[in-house]
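# Residue-level structural notes
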Amino acid sequence: MSKQGKLIVFSAPSGSGKTTIVRNLLNRDLGLEFSISAASREPRTNEIHGKDYHFISLDDFKSKIGNDEFLEWEEVYANNHYGTLKSEVQRIWDKGKHVIFDIDVIGGLNIKKQFPEDTLAIFVQPPSIEELKRRLEGRDTETPEKIAMRVAKAETEIEYAPKFDYILYNDVLEEAQDEAEKVVSKFINS
Ligand code: 5GP
């Protein structure tokens, strides 16, 4: 891969609001483009193939691992693999844009390790585990078992926060969005 632009990583427990913050940043004039991950899980009803994720089968995912096509990948939940394709990042750089990622904590730190100078790794911190659970329940897309699984994972993910370049507290969404824009814009222009 030939590096051209910068890499902005947003990682956080599911339900922390990071997807909303990332979408908001994409609408501001920062020259960012979203890295569409590959995922082996089923699409949710509102999700679009090639926009939210490249939804592929587990077999296909495994063959891409074998062909060294991923910059990073993780089995985030049992049998649900997620990964960043090298071709996706290169595609964005080739357009002269910076790449923004919405990926899990381990994946985020993995990208930072590969591009230490050019990556800004931001951890979105939810106000509390209780609030996180409320948000996941309000989303109404997951079964109680899946919510419990995501809450349990969140508890371990929060321990990784200090390893990130920046911790963004998402208590009041509008404030977190403005803060995110400031931090990202400063990094891009540095
Ligand atoms: P969801 O199933 O809610 O879309 O995503 C589950 C988790 O997988 C989220 O924490 C999301 O950020 C993470 N994720 C999405 N894409 C990637 C990826 O390419 N790599 C890694 N490591 N995690 C990802």
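Only a predicted model underlies this, so the values are computations on that prediction, with no experimental measurement involved.

The next point concerns the side chain of Lys 153. Along the chain, Lys 153 falls in helix 6 (residues 144-157). Owing to a relative accessible area of 17%, Lys 153 belongs among the buried residues under this scheme.

Opposite charge on two side chains allows them to pair when their charged atoms are near. All told, the structure shown has 16 salt bridges when counted by the stated rule. Between Asp 178 and Arg 28 there is a salt bridge, and its shortest N-O distance comes to 3.6 Å. Remark: Arg 28 occurs in the loop between helix 1 (18-26) and strand 2 (32-34) and Asp 178 occurs in helix 7 (residues 173-188); sequence separation between them is 150 residues. We classify Arg 28 as partly exposed; its relative accessible area is 23%. Residues Lys 112 and Asp 165 are paired through a salt bridge, measuring 2.9 Å at the closest nitrogen-oxygen approach. Residue Lys 112 is located in helix 4 (residues 105-114), and its partner Asp 165 is located in the loop between helix 6 and strand 9 (166-169); the two are separated by 53 residues in the primary sequence. When its relative accessible area of 18% is taken as the criterion, Lys 112 is described as buried. Its relative accessible area of 39% is what places Asp 165 among the partly exposed residues.

The next point concerns helix 1. Every buried residue of helix 1 is listed here: Lys 18, Ile 21, Val 22, Asn 24 and Leu 25. Buried residues of helix 1, seen end-on, are gathered within an arc of 160° and therefore sit on one face of the element. Residues of helix 1 that are buried sit in contact with strand 1 (7-11), strand 2, strand 7 (98-102), strand 8 (119-125), strand 9 and helix 7.

Near the ligand there are 17 residues, and of these Ser 37, Arg 41, Tyr 53, Glu 72 and Tyr 82 occur at the shortest range. Within the side chain of Arg 44, an N or O atom sits 2.9 Å from an oxygen atom of the ligand. The contact in question runs from a nitrogen atom of the ligand to an N or O atom on the side chain of Glu 72, over 2.7 Å. For the ligand, whose accessible area on its own is 510 Å², the fraction buried by protein is 95%. Looking at the shell around the ligand, the elements that each hand over two or more residues are strand 5 (70-77) and strand 6 (80-85).

Bringing the nonpolar core into the picture now. Residues Ile 8, Phe 10, Leu 25, Leu 32, Leu 168 and Val 184 are the most contacted members of the largest nonpolar core, which totals 19 residues. Secondary structure elements with two or more residues in this core: strand 1, helix 1, strand 8 and helix 7. In this view, Leu 32 contacts Ile 8, Leu 25, Leu 26, Lys 97, His 98, Ile 100, Val 184 and Ile 188; residues no more than four positions away in its chain are not counted. Grouped together as the second largest cluster of nonpolar side chains are 17 residues, Leu 109, Ile 111, Ala 121 and Ala 161 included.

Before going further, it helps to examine the sheet that holds strand 1. The parallel open sheet is built from five strands, whose spatial order is 2-7-1-8-9. With one partner strand each, in any of the chains shown, strand 2 and strand 9 form the two edges of the open sheet. Averaged over all adjacent pairs, the angle separating strand axes in this sheet is 25°, with direction ignored. In this structure, strand 2 lies alongside strand 7, joined through three bridges in parallel fashion. The residue of strand 7 that forms the bridge with Phe 34 is Ile 100. Across the sheet, helix 1 lies against strand 1, strand 2, strand 7, strand 8 and strand 9, angled at about 160° from strand 7, the strand it touches most.

What counts and what doesn't
Residues numbered from 1 in each chain as written. Predicted model: local features only at pLDDT ≥ 70, side-chain atom pairs only at ≥ 80, totals over all residues. Heavy atoms only, no water. Helix = DSSP H or I, 4+ residues; strand = E, 2+ residues; numbered from the N terminus. Buried < 20%, exposed > 50% of the residue type's maximum accessible area, 1.4 Å probe, protein only. Salt bridge = Lys/Arg side-chain N within 4 Å of Asp/Glu carboxyl O. Arc of directions from axis to C-beta. Contact = heavy atoms within 4.5 Å. Near = heavy atom within 4 Å. Polar contact = N/O pair within 3.5 Å; in protein donor to acceptor, adjacent residues only side chain to side chain. Areas by Shrake-Rupley, 256 points an atom, 1.4 Å probe, with all protein chains shown as cover. Core = buried A, V, L, I, M, F, W, Y, C linked by side-chain atoms within 4.5 Å. Pairing = 2+ DSSP bridges. Axes fitted to C-alpha atoms, helices over the stretch in contact; angles between N-to-C directions.

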